[in-house]
Each structure stands twice: as C-alpha cells, then as structure tokens.
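Listed below are the residues making up each chain.
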Amino acid sequence: MEKIIFSGFGGQGVLTLGQIVASIALNKGLNTTWIPSYGAEMRGGTANCSVIISEKVIGSPIVSRDADILVAMNNPSVDKFINTVRSGGTVIINSSIVDVEITRTDVTVIKVDATNISVELGNPKVQNMVMLGGYLKASGKFSVEDAEQCLNQKFGAKNAKLIPLNMEAIKKGLA
C-alpha cells in the first residue's frame, strides 16, 4: 500500500496530479482512492488531495499520520503536512518556491525545480507534470509509458496537442 499527499496552491494542478496518479493505478488494476480538499477561494488558496494505492481492499481513504510520500508544491504545504509523513517516507518538494528547511532526518527529501522547469518549457501550467515525473522516479511504481497512457485517456483526441508538452514536463521531472 502506498499513501500519498499532494499539496500546493489552487491553480498549481495538485488535484489533477493526484487524479492522474490514481488513474494510472486504476489502469494497472490496483485499488485506489482520491480524496480532494480545497478552500473556497480555489486559485491561489490551498489545495491538497490524498491518494492511496493498494493491491488489497482499502479500508479507509484517510491519510493522517502515515503518508509514504508528500508532494509539496509550496511552503504552507510543507508546514502543514511534513509531520504526516511516516519515518522512512519521502518528501518531494517544488524547490523553485519551497524555501523552508526540512529538519526531519528520518525522511528522504527530493527537490524538483518544477516551476522553473515549467517556465523554461513555455507553460507554467505543466509544473504539476514536472512533479509527476519526480513522483514516478521516487515511487518507482509506475513508468513514463503508464503516465502517457493516462494522459492519452484524459486528453483524448480533442486535446491531443497537449500531450507532447506534458510528456516533456514529466521527463524533465524524472531527470
């Protein structure tokens, strides 16, 4: 079982990021839950979601004090969720804007320069896909091909033109 918290400001795509990870898991035949949480102000306010992935039945969709992975796209996310990560867990931060020092020594910290990479790619909206690449590398559960299959399903023929940029963002995040 893997428990993940995705968190950031509304508009950074954290809810979509969580949905994509949950969809990838479903495509692989795994059980999954996706629970969103966001403020009324949405864009610019805080947003987070929890995702649980398991081969077995999931008893509760709540991730409270035992997250395996935290994906934090801003400082308030680190502050709010750092203590929910279990000892031995992983914290993936958007190092472009997260500048709080993570003092826990019992977690692995992975820095992904998501906002700057997305700007270099010409579209700040793909920073969540850069972070998806970081998650794929840290978790090791899914491949880039799994992510591409999910994006093809999500965008379909109508928005297929968005897939190459998103795939490039994922690959940059993996690197």
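Once a new chain begins, its residue numbering starts again from 1 and follows that chain's sequence as written. Local features are withheld for residues below a pLDDT of 70 in this predicted model, meaning they are given only at 70 or higher, and side-chain atom pairs are given and counted only at 80 or more; totals for whole chains, interfaces and linings count all residues. Hydrogens and water molecules were not included; the side-chain quantities draw on all heavy atoms of the structure.

**A few points about the overall build of the chain**
Here is the rule: The secondary structure listing takes helices from DSSP runs of H or I that are at least 4 residues long and strands from runs of E that are at least 2 residues long, numbered from the N terminus. The size measure is the radius of gyration over C-alpha atoms, and the globule rule it meets is 2.2 Å times the number of residues to the 0.38 power. Remark: exposure states derive from per-residue accessible area (1.4 Å probe, protein chains only) relative to the maximum for the residue type, with buried under 20%, exposed over 50%, and partly exposed in between. Should any heavy atoms of two residues lie within 4.5 Å, those residues are counted as being in contact. Only the protein chains shown count as covering a residue, and every accessible area follows the Shrake-Rupley method with a 1.4 Å probe. Positive charges come from Lys and Arg, negative ones from Asp and Glu, while His and the chain ends are left out of the count. One atom stands in for each charge, and that atom is NZ of Lys, CZ of Arg, CG of Asp or CD of Glu.
Across its full length, the chain holds 6 helices and 6 strands. By the compact-globule yardstick of 16 Å for 175 residues, the chain fits well, its C-alpha radius of gyration being 15 Å. With the principal axes as the frame, the chain shows a C-alpha extent of 40 × 35 × 35 Å. When each of the 175 residues of the chain is scored for burial, the buried share is 51%. Long-range contacts, defined here as pairs at least 24 residues apart, represent 53% of the contacts in the chain between residues at least 6 apart. Accessible surface computed for the chain: about 8400 Å², of which carbon and sulfur atoms make up 49%. Put simply, the chain has 17 plus and 15 minus side-chain charges, and the middle of one group is 5 Å from the middle of the other.

**Remarks on the state of the cysteines**
Heads up, the condition is: The rule for a disulfide is simple: a pair of cysteine sulfur atoms within 2.5 Å.
For the structure shown, the criterion picks out 0 disulfides. Its sulfur unpaired, Cys49 is 13 Å from the next cysteine sulfur, which belongs to Cys150.

**Some details on the nonpolar core**
Rules: Here, nonpolar core means buried Ala, Val, Leu, Ile, Met, Phe, Trp, Tyr and Cys residues that are tied together by side-chain atoms lying within 4.5 Å of each other.
Counting residues in each nonpolar core, the largest one holds 40 residues, and the members touching the most others are Ile4, Phe6, Val21, Ile53, Leu132 and Tyr135. Among the elements of the structure, strand S1 (2–9), helix H1 (14–27), strand S3 (46–54), strand S4 (67–72), helix H3 (114–120), helix H4 (127–139), helix H5 (144–155) and helix H6 (163–174) are those that each provide at least two residues to this core. At 8 residues, H1 tops the list of elements feeding residues into this core. In contact with Phe6, other than residues within four places in its own chain, are Val14, Leu17, Gly18, Val21, Ala47, Asn48, Cys49, Val51 and Val71. Counting 16 residues, the second-largest nonpolar core is a separate cluster that includes Ala72, Val78, Ile82 and Val107.

**Concerning the packing of H1 against H4**
Stated precisely, the cut-off is as follows: To obtain each axis, a line is fitted to C-alpha atoms, and for helices this fit is confined to the stretch in contact; angles are then taken between N-to-C directions over 0 to 180 degrees. Orientation categories follow fixed angle ranges, with anything under 35 degrees roughly parallel, anything over 145 roughly antiparallel, 65 to 115 roughly perpendicular, and all other angles oblique. By convention, the crossing between two helices is left-handed when the near helix turns anticlockwise from the far helix through less than a right angle, and right-handed when the turn is clockwise.
One can describe the packing of H1 onto H4 by two numbers: an axis separation of 9 Å at closest approach and a directional angle of 45°. Classified by the angle their axes make, H1 and H4 are oblique. Crossing of H1 over H4 shows right-handed handedness. Taking contact as the criterion, the partners of Thr16, Leu17, Ile20 and Val21 in H1 are, on H4, Asn128, Met129, Met131, Leu132 and Tyr135.

**Let's talk about the sheet that holds S4**
This is how the line gets drawn: Any two strands between which DSSP finds at least two bridges are classified as paired.
Pairing within the open sheet is mixed, and its 6 strands lie in the order S2-S3-S1-S4-S5-S6. Both outer strands of the open sheet, strand S2 (31–38) and strand S6 (108–112), are each paired with one neighbouring strand and no more. Taking the axes of each pair of neighbouring strands and ignoring which way they run, one obtains an average angle of 15° across the sheet. One ladder, built from 4 bridges, connects S1 with S4; its direction is parallel. By the bridge assignment for S4, Phe6 is matched with Val71.

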